[in-house]
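# Residue-level structural notes
Each chain, letter by letter, is given below.
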There are 2 protein chains.
Amino acid sequence: MDAKKPGLRHNQISEEIIEQVERQLAKPPSLWLNLTGAKILENEGQDTKDIVLPNNRSQVTHIAVDIGGSLAKLLYYVRDTSSPSSSSSEISDEVSDRGGRLSFVKFETSKIDECLQFMKQLIQDHARESRRKPITVMATGGGAYKFYDRMSKELDVEVSREDEMECLIVGLNYFVSCIPQEVFVLNTETYEMAFQETRHDSKYPHMLVNIGSGVSILKVTGPSQFERIGGSSLGGGTLWGLLSLLTQASSFDEMLELSKKGDNAAVDMLVGDIYGKNVGYERFGMKDSMIASSFGKVFRENKKSDEFLPEDIARSLLLAVSNNIGQIAYLHAQKHNVKNIYFGGSFIRNHVQTMHTLTYAIKFWSNQTMNAYFLRHEGYLGVFGAFLKYAISESNVPVPPIS
Amino acid sequence: MDAKKPGLRHNQISEEIIEQVERQLAKPPSLWLNLTGAKILENEGQDTKDIVLPNNRSQVTHIAVDIGGSLAKLLYYVRDTSSPSSSSSEISDEVSDRGGRLSFVKFETSKIDECLQFMKQLIQDHARESRRKPITVMATGGGAYKFYDRMSKELDVEVSREDEMECLIVGLNYFVSCIPQEVFVLNTETYEMAFQETRHDSKYPHMLVNIGSGVSILKVTGPSQFERIGGSSLGGGTLWGLLSLLTQASSFDEMLELSKKGDNAAVDMLVGDIYGKNVGYERFGMKDSMIASSFGKVFRENKKSDEFLPEDIARSLLLAVSNNIGQIAYLHAQKHNVKNIYFGGSFIRNHVQTMHTLTYAIKFWSNQTMNAYFLRHEGYLGVFGAFLKYAISESNVPVPPIS
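Criteria and thresholds
Residues numbered from 1 in each chain as written. Chains lettered and ligands numbered in written order. Predicted model: local features only at pLDDT ≥ 70, side-chain atom pairs only at ≥ 80, totals over all residues. Heavy atoms only, no water. Domains from an automatic or database assignment. Contact = heavy atoms within 4.5 Å. Buried area = accessible area lost by both parts, 1.4 Å probe. Salt bridge = Lys/Arg side-chain N within 4 Å of Asp/Glu carboxyl O. Polar contact = N/O pair within 3.5 Å; in protein donor to acceptor, adjacent residues only side chain to side chain. Helix = DSSP H or I, 4+ residues; strand = E, 2+ residues; numbered from the N terminus. Nonpolar A, V, L, I, M, F, W, Y, C, P; charged D, E, K, R; others polar. 1 Å grid on protein atoms, 1.4 Å probe; cavity = no way out; pocket = protein on both sides within 12 Å on 5 of 7 lines; lining within 4 Å. Points joined across faces, edges and corners; volume = space filled by probe spheres on them. Least-squares fit on C-alpha atoms with pLDDT ≥ 70 in both. Pairing = 2+ DSSP bridges. Phe/Tyr/Trp six-rings, centres within 6.5 Å; stacked < 30°, edge-to-face > 60°. Buried < 20%, exposed > 50% of the residue type's maximum accessible area, 1.4 Å probe, protein only. Core = buried A, V, L, I, M, F, W, Y, C linked by side-chain atoms within 4.5 Å. pLDDT = per-residue confidence, 0-100. Expected span 1.5 Å × (residues − 1). Disulfide = S-S within 2.5 Å.

Further remarks concern the domain arrangement of chain A. Residues and elements named next belong to chain A. Each assigned domain of chain A is listed with its residue range as follows: domain 1 (29-81 + 98-182 + 380-398) and domain 2 (225-267 + 308-375). Between domain 1 and domain 2, the contact holds 15 residues from the first and 10 residues from the second. Interface area for domain 1 against domain 2, summed over the two sides, is near 1,100 Å², with a carbon-plus-sulfur share of 72%. Across the domain 1-domain 2 interface, the total number found is zero salt bridges. If you look at where domain 1 meets domain 2, you find zero residue pairs in polar contact (both at pLDDT 80 or more). Looking at the side of domain 1 that touches domain 2, the elements that each hand over two or more residues are strand 4 (71-79) and helix 6 (164-178). Per element, the largest residue contribution to the side of domain 1 that touches domain 2 is six residues, and it comes from helix 6. Tallied by class, residues from the side of domain 1 that touches domain 2 come to seven nonpolar, two polar and six charged.

Before going further, it helps to spend a moment on the interface of chain B and chain A. It is common to report an interface's size as the accessible area lost on association of the parts. The interface of chain B with chain A comprises 68 residues on the first partner and 68 residues on the second. Looking at the side of chain B facing chain A, the largest losses of area belong to B:Leu245, B:Tyr275 and B:Phe299, adding up to 14% of the total buried there. Our count for the contact surface shared by chain B and chain A stands at zero salt bridges. The tally of links from chain B across to chain A stands at 19 residue pairs in polar contact (both at pLDDT 80 or more).

A few words on empty space enclosed by the protein. Taken as a whole, this structure holds eight cavities of 30 Å³ or more when the rule is applied. If you add up the space inside the largest cavity, you get close to 120 Å³. In this structure, the largest cavity is lined by A:Leu234, A:Thr238, A:Leu242, A:Leu317, A:Ala320, A:Val321, B:Leu234, B:Thr238, B:Leu242, B:Leu317, B:Ala320 and B:Val321. Those elements that provide at least two residues to the lining of the largest cavity are helix 7 (236-246) and helix 11 (310-335) of chain A together with helix 7 (236-246) and helix 11 (310-335) of chain B. Residue classes in the lining of the largest cavity are distributed as 10 nonpolar, two polar and no charged.

Moving on, we get to unusual backbone geometry. Residues and elements named next belong to chain B. One non-glycine residue, Asn 337, adopts positive backbone phi at about 60°. Mapped onto the elements of the fold, Asn 337 is located in the loop between helix 11 and strand 15 (340-344). Its identity as a non-glycine residue notwithstanding, Asn 350 has a phi of 50°, on the positive side. In this fold, Asn 350 is placed in the loop between strand 15 and helix 12 (352-365).

For the pair chain B and chain A, the best superposition has an RMSD of 0.1 Å and corresponds to a rotation of 180° with a translation of 0.0 Å parallel to the axis. When the rotation and shift are considered jointly, the pair of chain copies conforms to a two-fold rotation axis. Looking at the interface residues of chain B, 100% of them are also at the interface in chain A, so both copies use one shared face.

The next subject is the sheet that holds strand 6 (residues 136-140) of chain A. Two orientations exist for strands paired in a sheet by backbone hydrogen bonds: parallel and antiparallel. Residue and element names in this part refer to chain A. Here we have seven strands laid out as an open sheet, ordered 1-2-5-4-3-6-7, and mixed in their pairing. The open sheet has two free edges, formed respectively by strand 1 (39-40) and strand 7 (158-161), since each of these has just one partner strand. Judged from the two bridges that link them, strand 1 and strand 2 (residues 51-53) form a sheet pairing that is antiparallel. Looking at the pairing, Ile 40 lines up with Ile 51 of strand 2.

What follows concerns the packing of aromatic side chains. Taken as a whole and assessed by the stated rule, the structure comprises 28 aromatic pairs over all chains. Ring plane angle 35° and centroid distance 6.1 Å describe the contact between A:Phe184 and A:Phe374, whose orientation is recorded as tilted. One end of the pair, A:Phe184, is in strand 8 (residues 183-186); the other, A:Phe374, is in strand 16 (residues 371-375), and 190 residues separate them in sequence. A residue is classified by how much of its surface remains accessible, and A:Phe374, at 1% relative accessible area, is buried. Aromatic side chains A:Tyr275 and B:Tyr145 sit 5.7 Å apart centroid to centroid with 40° between the ring planes, which places their arrangement in the tilted category. Residue A:Tyr275 is located in helix 9 (residues 271-275), and its partner B:Tyr145 is located in helix 4 (residues 143-146); the two belong to separate chains.

Let's shift gears to the nonpolar core. A:Val209, A:Phe343, B:Val209 and B:Phe343 are the most contacted members of the largest nonpolar core, which has 94 residues in total. Those residues in contact with B:Phe343 that sit more than four places away from it in its chain are B:Val209, B:Ile211, B:Ile325, B:Ala329, B:Ile348, B:Leu358, B:Ile362, B:Ala372, B:Tyr373, B:Phe374, B:Leu375 and B:Glu378.

Attention now goes to the confidence of the model for chain A. Residues and elements named next belong to chain A. Overall, the predicted model of chain A reaches an average pLDDT of 85, with 81% of residues at or above 70. This stretch, residues 1-8, has a pLDDT under 50; its non-local contacts, to residues over four places away or in other chains, come to seven contacts. Taken together, the stretch residues 83-96 has pLDDT below 50 and engages in 26 contacts with residues farther than four places along the chain or on a different chain. Among the prediction metrics, the complex's ipTM stands at 0.85, with pTM recorded as 0.86.

This part covers the sheet that holds strand 3 (residues 62-67) of chain B. In spatial order, the strands read 1-2-5-4-3-6-7 (chain B); together these seven strands make up an open sheet with mixed pairing. Every other strand in the sheet has two partners, leaving strand 1 (39-40) and strand 7 (158-161) of chain B as the edge strands with one partner each.

Residues and elements named next belong to chain B. Spanning 26 residues, helix 11 covers 37 Å between terminal C-alpha atoms, matching the ideal 38 Å at 1.5 Å per step. Counting buried positions along helix 11 gives 22 out of 26 residues, so the element sits mostly inside the fold. At the exit of helix 11 stands Asn 337, carrying a positive phi of roughly 60°.

All names here are of chain B. Following the criterion strictly, the structure yields zero disulfides over all chains and no others. Free cysteine: Cys 115, not disulfide-bonded; nearest cysteine sulfur from Cys 167 at 15 Å. When its relative accessible area of 0% is taken as the criterion, Cys 115 is described as buried. No disulfide involves Cys 178; its nearest neighbouring cysteine sulfur is the one of Cys 167, lying 16 Å away. With a relative accessible area of 8%, Cys 178 lands in the buried category.

Residues and elements named next belong to chain B. Relative to the elements of secondary structure, Gln 353 occurs in helix 12. Overall, the relative accessible area of 15% leaves Gln 353 in the buried class. Within the structure, Gln 353 has its side chain in polar contact with the side chain of Arg 315 (distance 3.4 Å). With residues near it in sequence (within four places) discarded, Gln 353 still touches Tyr 191, Arg 315, Leu 318 and Leu 319.

Within a regular beta strand, the side chains point alternately toward one face of the sheet and then the other, so they alternate between its two faces. Residue and element names in this part refer to chain B. Among the eight residues of strand 11 (residues 215-222), seven are classified as buried, and the element is accordingly described as predominantly covered. As judged from the six bridges shared by strand 10 (residues 206-211) and strand 11, these two strands associate in the antiparallel manner. Bridge pairing links Met 207 to Lys 219 in strand 11. Hairpin connection of strand 10 to strand 11: three residues between the antiparallel strands. Across seven bridges, the pairing between strand 11 and strand 12 (residues 225-232) is antiparallel.

What follows is the structure, encoded as structure tokens:
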């Protein structure tokens, strides 16, 4: 619109415009986030790839945070800064044809101050740009409760607490349905990944195994119908905790790097170690390379930790935790008659050995009848869901909607 | 019989007798071991209690060994030495009214030489006593294959290899049916044990979860009908191996003692640690004292192992392994529609905390519909089964038989 009407002073005009915009913002537009044409921006950090939304026209006035036991994940929207109008008011946003991007970042929950500082900065930048509707923080995960008072006080904005499980399911649904090249399977022979057509496998029922510090297993029977059917305390926190006691690795990624170089047979007791090689236990479906007892060789060797290689210990523990999660996931899937299992959570970190072990376990136990799916943003299901739940109502969902 | 017949020289007589005895021994008597009136001898070592067989009249000319990945268990029969005829020949055995006892002993598999030395001694004592039928060694467990050649050569006796799973089932059946005060349940509120009437719960189907270095799960549908339906590599070897790396404990029992003094909340991430106290996650059936992530506090505290108490680490790991086994056992029991679960294997060692955790897990997951049973000789199922399988045939079973 042209603000330069004769007979009206400029400051009056801009005030009218602002009032008009703020009236519009009072109730979110029915199309409030356009995901059509969404595209993962390649060549970025492995698990913090931005997602470009070229067709989004609506302004975004919220950020989302998912504060788990070990990690806090943050998601915010950035307008395309190559737009000349990018630093002007909402009005120019309304007509911008550049879209924007979703940015993902994570912090260790033990360093929650850094996370809050980052959020404060986002909120200040947002406010500085123009006289906009104030930011809303969509918060989920246990920390949304534990740190609710701190966030409300220190950020001085509205904090909306969203249910952790609901957010996981909303996030999964939109990742599967609306983000191309997000979901993939791993070939257990070739170790190659193959992307899945969006939607093709979002059919119900399916199961989400979310592996963070601990493990939650959810059965999903519809876009917003789900049930927590199980879990396990043996998750990422167990691997990270034990490896921080048993190795010098100081980060999750160092631990995963270690495990790549290791040989678990140096610490695990294999079936062949108990029976000797090539004797008659195959009838129980056991190969002599099968792990009979994780860390089973350690005690009988009567050595101490410095006599075992950290990489072998890391490999063994990664296999133990991954195998165990795969087995428990399979048993729940079978109990609930589910064929398609999505694995999410920051435990996986797109680490090939972990995904291979999980896939192998599912294929092995299910006799090839079940499928294991992974997501490139596997650690961000909850925060993506919390972000998308902003203003969701029956008549007001992101585009395209989930059917 | 009276050997002093006129007209026969004594050495002739004794030769006749010996020939006669040896003819009898050529095929085992149809009643070859009488378990009626069997009684556990109290006030002995916790998991090596002898079993008295007051009514056994038949001679026993075999011993049994079960060589697992971590432990080798030995079982042998000792005639009641208070009998004046105890050191005389088989004939007086035939009419002895003193019975005898079953003796249990165990060795670390890594010290297999000690075990073989002990067996050699038993065999020599047996031979010295009289000119008897030579000893047969009934061997089971993986070591029956791995050490078969060594046993045959060094012991110079017949070694009969018996299937590991079959022996577990035979041993379980006879313990449950014929040994009073062997099987018990643990009350999760009072921590009291209550012995089960023999036979009362041997009805089929039931499940055996045998926890040695690793875990085997067997479904039992009849006296000798069973199927291995699952297992886990997270068993005793995992607990012992990791604790030998993380603590100074040098034996299984030291590790269990340590765990009694520990507080797992110092290393485990509880639901309350993630959400804060008393917020709305009860709807998912989670209490704030529930373990969300085993060892989940360790990494975020960024401490090293010497900053955590070994007793807390031991307690946490014992709970983690026991909970996990309990959950996997429950999932298999539910899948196969089994209500009664027997837990065996040397992992348990009649340790109350372990049995409590296993029982609690079964009751919790099954919503009180399943039962967890334990055995005082839990580590000796396999060796007891191997011992009893000696000469078992359709017409020739221990008394009383298992129906």
